Every structure is written in structure tokens, then in C-alpha cells.
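Structure at a glance
Letter by letter, the chains look like this.
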Protein chains: 2
Amino acid sequence: MPREDASVNAIMMVPLMLPDVNVALIGLGNVGSGALSILTENAEPIALKLGFRLNIRMICSRSVMSGTFPPHIAKTANWQDAVSHPDIHIVAELVGGTEVASEIIEASIRHGKSVVTANKELMALCGKEIWDRAIAAGINLAMEASVAGGIPIHAVLREGISGDRITALYGILNGTSNYILTEMERRGDSMETVLAEAQQLGYAEADPSADIDGFDARSKLAILSALAFGERITPADIYVEGIRRVSAIDFKYATQLGHTIRLIGAARQTPEGLILSVRPTLIRRSTILANVHGAYNAVWVKGHYGGDTFYYGRGAGSKPTGVAVVSDLMRVAREIRSGSPERVSPFAHPRLGEYKPVSVTLQKRPYYLRFRVDDRPGILATLAGILAAKHISLDAVLQEPSDAKHDLPFVITLEPTTEQAMREAVHEMSVLDYMREPPLAMPMEPPL
Amino acid sequence: MPREDASVNAIMMVPLMLPDVNVALIGLGNVGSGALSILTENAEPIALKLGFRLNIRMICSRSVMSGTFPPHIAKTANWQDAVSHPDIHIVAELVGGTEVASEIIEASIRHGKSVVTANKELMALCGKEIWDRAIAAGINLAMEASVAGGIPIHAVLREGISGDRITALYGILNGTSNYILTEMERRGDSMETVLAEAQQLGYAEADPSADIDGFDARSKLAILSALAFGERITPADIYVEGIRRVSAIDFKYATQLGHTIRLIGAARQTPEGLILSVRPTLIRRSTILANVHGAYNAVWVKGHYGGDTFYYGRGAGSKPTGVAVVSDLMRVAREIRSGSPERVSPFAHPRLGEYKPVSVTLQKRPYYLRFRVDDRPGILATLAGILAAKHISLDAVLQEPSDAKHDLPFVITLEPTTEQAMREAVHEMSVLDYMREPPLAMPMEPPL
């Protein structure tokens, strides 16, 4: 094995080599196998960067007993073996879900092990409690892989721009829905057609709800906005609306308006408080965010001092998410070797009360309303009357030529108004007998 | 002073508050004053994030004695006072240039102070030596502000994606030249016109050489590629060519080819070795990098495992660069409080020999050649003959309609060939008597 020999020699020559840090990987699915192969193939540069070895000491998964691994790696199907093993310094929880994962993390902390996790659901739901427990136990915790796998957005928010005061954050945080929307845009096809095809290609799950109804993006936004604003934010604080009602005609109208449509997770500090939402949104075609195609993710951050910054990369995938796990393991290993446990939770600086979440109904935005009506005279007058009664100003009316008089789509855009007023108007409009379906309302974001 | 009282109360309530870390700011120019105002205005959230106060203990500049500052901040016009003061933990070297800055950093390290610097020239020239000295002295060192002020690219490369193996890095690293190129593109104006206007508006220096001849971007690329590849890289390893010869007609031809032109700093691992250059380059209009307009900077990173990631933000400016300085101060302060000095230099993992810099003449790329000729029959045949003799395949010939037969611009694009062969061909072409000027050669980068 000449490759392994060369690698050992190189490592032996690193000056000031400290003792190994030992890792247990729990879970060998998509993310776990990615992390395992990076840790194995990339062991030499990792040791050179750290000044010590990051050693895989144990692997735990249901299928691990039948796999072949180097002899120095212990195998177990029982996660309790890993979290209680005296040689292990860091447990990487890569099983996903919330139940067993939560038990693994709690037991690891109880045994004084540091933890690296890729678990967005769990960290979105109880990140604050887990972080508090980690600090009390004097261990280290890291969760870069929980959001936007390939983008090191945690490192950016916790370290890179930690001196700034974030005022807003916008993200394309779900690769599946972004793939569907960009394909609809490119081909002019319907949601149903593109979704079915994505399912056949394996890009979308048989049950696509978590992706296209916005729940996956909502968990990620909860974690990112907690990091950005130092406030405890859970998925329940975030308004969510998926992409099921977006149709091919909406892309046509959006294009006429110089916009496109993306599922945007938005967290904005406003005079009313912190407003959080995940919803289909019109964004200008000229913004860099509109150039995020396919399954890529992106995060746009507005800082009070640093201005706009933008981060882009793969949202998922075995290797990109594996890089996040391995980079976290390296950071935590460094902290362990320097005897530096977590001291401050990124999830709660509760005295920065200006960032308390408030209802999305308080937000002021221009809106896009798309109607499908059984056409007859007087419709526009009625709709305009409803808007006027709510003191909402109409910006433009758009109607593509169409012969479908019984199912005629058209669009009204509104000058900035509150979501509350817009919703009341849409509610009144929904019950008009010529409406084929309730109007679809989407906010229009100012240039990003 | 109700605001200050509130802030003090909030800080007093932070649990586990550790003793202050004291900072000396040396230099109150553009960057120094930005850092000062962020540290002052943002003191409360910074203390909450750190769990202790980051305290400005001393300010040093030639003009400081006449300024008014809070009474707890000592003032001096003599940097020796700051680097030798027993209370100071971190010296922020923000004077720029290489001579005094180098003395300040050396003296700080000698006195056991940690150092934060924004000095790209110095870190590009002798970053390795400075880092080695810092490690030997057991202090901490940080230099986020030295490259692309508003983009936390150091945090990304050192922490965020440290588990990956970087294969290539492309950057728009000079805001002034990017502003000039994007204005030329937008307005169809000449370099001279846009540069003169940028100088009047204060966007370009009276002597614009550092910006438009590529030297500023070269220093930044030296630092970034050292971080990305763990190799000692100095400006002398990087081929540099500025934007002075790019003309309005080049944007027309580039557009015909679906491309635009940017001053790109590129560092690529190739079978021949690490190839480094800063030069005007054709990039596809559809790439996100082509959407970086005005004075913004951007960095595109290709990872072996994580794939493509992209980072964008302001390249300079008092506040964005100030955020980088303050975020560095926070990181270094955390390390000081946890007793964790620098152990591994980001500038040299010399055993990763695969990343040794080699000459740009070894690179294989498609090229764009733009000619200006005194038109006559047979020119194309001669040029094609020269290319054929070098075994270079011609891809396309482009010629805009023109009446200027005595100064006729046209373009030949080449199939991928070595820079060496291309240069030899261009050299032979340059001496032909109908050439109004030597051909302008620019590489065409594959889709980023």
C-alpha cells in the first residue's frame, strides 16, 4: 500500500504534532458516507492543516457490520457503544430525524463528548436547549452541515462577519424546489410536469411535501436566522407557503415585470420587529440571486456595516455536506486540543430584543396578485374597489392575450402595503363568484 | 448618557463574563476609522457574542492627538507606545504600506502581542515569515481584512471548507478595475473615458497603476492562493497583465461570443502544477461571476469534494473592511481567552508539493486574439498559416462591419492550446507590417 505509507511518512514529519483526536461517525447514509470518504482520502492534508491527526476511531450504523473498513476502525451497530467509548473525543451524529438523533446527542454530551451534527430538523426545533447543555457540560458543538451543505454559512455568520449587525438575510435554501422553479422558468412547463420528471430522476422524493411545501427551507431559515440575529427562532415563528400554486403563466407575468420567481426564505429586521417567511417570491431578474439555478443554494446577507454579501454553493449531496461535517470536525478538534469549550450560544443573545420575531402580517411590501376568472364586464372595477376600500394602491394590471374567457388569467401588482391589508382584500376577492380559484399573492422583493 | 448606561447594564448581565481583552488600533485612516466606529457603536452585541468585552485601550495615529475620544482610550502618536504597553493584548496594524507596518508587526510579536492586520502588500510579500514568527512567539495572527474587505474569504478557506481540497480559485479582486470594465461594458465607452471619470469621482487614484495594471489584485491572489493551497506563494509567482489594452470593441466581440471581460485572478491546480495569473479574461455572460458589477469583489472556489462555491461582497470601503478587522479582533480575542495560540501556518504546508507554482506558459486554454490591421488581401491566410505551423487550431473568425480599412479590428478565437504556443504565434504576428499594434490575447475561461 504505497499510498498509505507515503501518507504516514508525511504526517510523521509535521512539526509539533499533538496527540490524535478520535471521532465516532454515527450514521452511514448519504452524509455519513461522504464524510467517511473525505476523512479517509484527505487524511494527510487534514493532519497538516491541524497539526495532529483526526482519527476515525469507530463507525456505527445498522449496515456497518457487513462492510469492510480499515482494521483500526471499530464497528458497531449500537450507538451507545460510540457515545460511551472512553477513547472517543467527538461524536458525529449523522442519522437524521429527531428522535434517535436527540438521544444520541444528549447521551454524547452526558458522556462529555463533543458533537458535530448535520441535523437541521433537530437543531431548528431545539438548538437552543442543545447548545445550553453543551455549554454547561463544557464540550464543543458544531452544525455547519445542517444548512446549505456546501456553503460554509455558519463559519461566515459565527466568525467571518461576526463584527457586523445583520439587518436582513435572504436564502434559496431548498434545492428541489429551486430545481423545479428554474426548470419551469426555462421550459415553460407546469409544476406537475416538472415535479413528476424530478421524481423520476430521483431529484424529488415520492412524497415531495417537505421540499415543495417549504418545511425543509423553514427549518434551515430557523437555524440561519438564529445565528444571524442571536435570537431564539423556531420553525413556528416562520410563515411558510410552498410552491404548489405557482404556474407557468406566473413566470410569463413575472418576466414582463423584469422578475422571476423563487422560493425565498427571508428574515428581515423591520421597525415592527423581525419578520420571517418562506414563500414563493418575485425577485428581479438582474439580481445575482435570480442566477441561482437548479439544485444550488444561496444566501444573501445584508449587514449594517459591511453591506451586501452573497454565498452560493451546493445545497445537498454526499460530498458537499461531507465537507461541512469534516470542516466542523476539524474546528471542534482544534478547540479540544486547545482546551477551549463552547462558552457562548449562537442561539440566544436574548438582550438584543430588537430582533424578536413578529407576525408576517405586519410586513410592508409590493405584491403580485394573479387571478383566474370567468371573464365578464366589471371585474376590474370590483377588484379595484376592494383595494381602494383598504387604501391599497394599484400599481399595474397585466393581461396576456388569451381566448380562454372562462379561465382567464391576469395580474394586478400593488404598491407597498401591509400583508394584513393585502390578505383582507384577497379574502374578499376569493368569494366573488367569477373567481376560478383564490387569487395567488406573492411579495415582490426590492433589488437584492 | 442613557444609551451608554443601557449598554453597560446589558453587558453586566451576560453570564460567565470573562475579563476584557484590550486592543490598540494603530492607524486611523479609512480602515482604522471604520473599525473604530464599529467597535464603539457595536460594543454591546460584540460583548454578548464573545462573553467578554473587546475594549479599545489605545489609539495611535499622527492626527489622533487633536481628535476627541472617550476618556478611557489612551492616545499616542508613537506606535512604540502601543506595542509595548503592558495592558494591550492585540495590536491592530492598520497603517498600510510595508516598511513601518512591518516594524509594527515585528515589534508587537516581540512584545508578545497578538496581531490583526489589513495589510495585503506585506502579507503577500512576507506572510510566511510573519506567520512563522507568530507561531514561534505563541501569539495569534489574523488578516481577513487584507483581501476583499467585505467578503469573509479567510474564514471560509481556513475554517468553513477546511476539510476540502481546493482545485481552483477565481477572483474579481480589484474594485476599481471591475468598475471600469463594467462601465465600459454598460456604456460602450473607452477605457480612457471611463478611467478619467472614475478619477474625477474619486473611484480611481490619480496614479491608477496599482489597480488597473493588476498589482493590487496580484497581492490579494498571492494571499488567497496561499490560504487555499497551503503553499508559499508570493506576487512574483503570479503572471500579471492589466486592463489598459482592453477596448470598447473587445466588449462587442466578447458579447458576440456570449462572454464578457473581467480582470480575473486565477489559481488552478493542473497536471503541470499550480498556474497563477491576474489578467483580463473572457468569461461567459451566464456565469454568476459575470454578474459582479461595479466596485464589488467576488471569489469562486472549486473544491474536489464540495464542488463550486461562490462568495461576493464589497471589496473595500471603511465599514466593510472595518467589519473584517473587528471580526478578526473577535476571533483572536476568543483564542486569547481560551489560551490557544496559532499552531499551524496557513501559508505553508510544504509537503503538499502538488501545489507548487509553475509558469503560466504551461497552461492550456482557448484564447481570444484581437487584431487591428491596415487591411489588405491575404492577412487571414498569413495568420492562419502561423497558427497552423504551431499546431494551433482556429475556432472562429469574427469581424464587425467597419469602414476603417486602415485600422480594422477583427478577432480570431483559438481552440485550447498552450500559452507558450499562443505567445510564440502572437510574437510572429506582431512584427507583420500591417499590424497597427501587437495582437491582444486573452484566455477564455470555461463556464464557472
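All values derive from a computational prediction rather than experimental measurement.

**With respect to the overall build of chain A**
- Along its length, chain A carries 15 helices and 17 strands.
- Compactness check: chain A gives a C-alpha radius of gyration of 25 Å against a globular reference of 22 Å for 448 residues, within 12% of the reference.
- Projected onto its principal axes, the C-alpha coordinates of chain A cover approximately 85 × 50 × 35 Å.
- Relative to its 448 residues, chain A shows a buried fraction of 53%.
- For chain A, the proportion of contacts with a sequence separation of at least 24, taken over those separated by at least 6, is 75%.

**Details of the relation of the copies chain A and chain B**
- The transform that puts chain A on chain B rotates by 180° and translates by 0.0 Å along the axis, for an RMSD of 0.0 Å. On the angle and the small slide along the axis, the relation comes out as a two-fold axis. When C-alpha positions in chain A are compared against the rotation axis, the closest is assigned to Tyr311 of chain A, at 2.4 Å.
- Of the interface residues in chain A, 100% have counterparts in chain B that sit at the interface too, so the contact is made through matching surfaces.

**Comments concerning the sheet that holds strand S14 (residues 364-373) of chain B**
Residues and elements named next belong to chain B.
- The strand order across the open sheet built from four strands is S15-S16-S14-S17, with neighbouring strands paired in antiparallel fashion. Since the sheet does not close on itself, it has two edges, and those belong to strand S15 (394-398) and strand S17 (440-443), each with one partner. Strand after strand, the sheet turns through a mean of 20° between neighbouring axes, direction not considered.
- In the sheet, S14 pairs with S17 via four bridges, with the strands oriented antiparallel. Each bridged residue has a counterpart across the sheet, and for Tyr368 the counterpart in S17 is Met442.
- Contacting S14, strand S16 (408-418) and S17, helix H15 (residues 419-430) runs over the sheet at an angle of about 150° to S16.

**A word on the interface of chain A and chain B**
- Across the boundary between the two partners, chain A contributes 53 residues, which contact 53 residues of chain B.
- Among the secondary structure elements, those contributing two or more residues to the side of chain A that touches chain B are helix H3 (43-50), helix H7 (153-160), strand S12 (307-314) and helix H13 (318-337) of chain A.
- Grouping the amino acids of the side of chain A that touches chain B by side-chain chemistry returns 24 nonpolar, 19 polar and 10 charged.
- Sheet topology places S12 of chain A next to strand S12 (residues 307-314) of chain B; five bridges connect them, and they run antiparallel. Counterpart to Thr309 of chain A in the pairing with S12 of chain B is Gly313 of chain B.

**Details of the domain arrangement of chain A**
Residue and element names in this part refer to chain A.
- On domain assignment, one finds that chain A holds domain 1 (2-149 + 319-337), domain 2 (159-315) and domain 3 (365-443).
- The C-alpha-based centres of domain 1 and domain 2 are spaced at 30 Å.
- Between domain 1 and domain 2, the residue contacts involve 12 residues of the former and 15 residues of the latter.
- Take the side of domain 1 that touches domain 2: its biggest share by element is seven residues, from helix H6 (residues 120-137).
- Partitioned by chemical class, the residues of the side of domain 1 that touches domain 2 number six nonpolar, three polar and three charged.

**Notes on helix H9 (residues 191-201) of chain B**
All names here are of chain B.
- Regarding H9, the residues found buried are Val194, Leu195 and Ala198. Seen from one end, H9 has its buried residues packed into an arc of 100°, which puts them on one side. Opposite the packed face of H9, turned more than 90 degrees from it, sit the exposed residues Glu192, Ala196 and Gln200.
- Where H9 is buried, its residues meet helix H8 (175-187) and helix H10 (209-212).

**Side note on unusual backbone geometry**
- Look at Ala148 of chain A: it is not a glycine, yet its phi comes out positive at around 50°.
- Its identity is not glycine, yet His391 of chain B carries a phi of approximately 60°, on the positive side.
- Mapped onto the secondary structure, His391 of chain B falls in the loop between helix H14 (379-389) and S15.
- Classification of His391 of chain B as exposed rests on a count of 9 C-beta atoms within 10 Å.

**Remarks on H15 of chain B**
- With 12 residues, H15 of chain B ought to run about 16 Å at 1.5 Å a step, and its terminal C-alpha atoms sit 16 Å apart, in line with that.
- The inward-facing, buried residues of H15 of chain B contact S14, H14, S16 and S17 of chain B.

Each value, and the rule that gives it
- Residues numbered from 1 in each chain as written.
- Chains lettered and ligands numbered in written order.
- Predicted model: local features only at pLDDT ≥ 70, side-chain atom pairs only at ≥ 80, totals over all residues.
- Helix = DSSP H or I, 4+ residues; strand = E, 2+ residues; numbered from the N terminus.
- Rg over C-alpha atoms; globule rule 2.2 N^0.38 Å.
- Buried ≥ 20, exposed ≤ 12 C-beta atoms within 10 Å, placed from the backbone.
- Contact = placed C-beta atoms within 7 Å.
- Least-squares fit on C-alpha atoms with pLDDT ≥ 70 in both.
- Pairing = 2+ DSSP bridges.
- Axes fitted to C-alpha atoms, helices over the stretch in contact; angles between N-to-C directions.
- Nonpolar A, V, L, I, M, F, W, Y, C, P; charged D, E, K, R; others polar.
- Domains from an automatic or database assignment.
- Arc of directions from axis to C-beta.
- Expected span 1.5 Å × (residues − 1).

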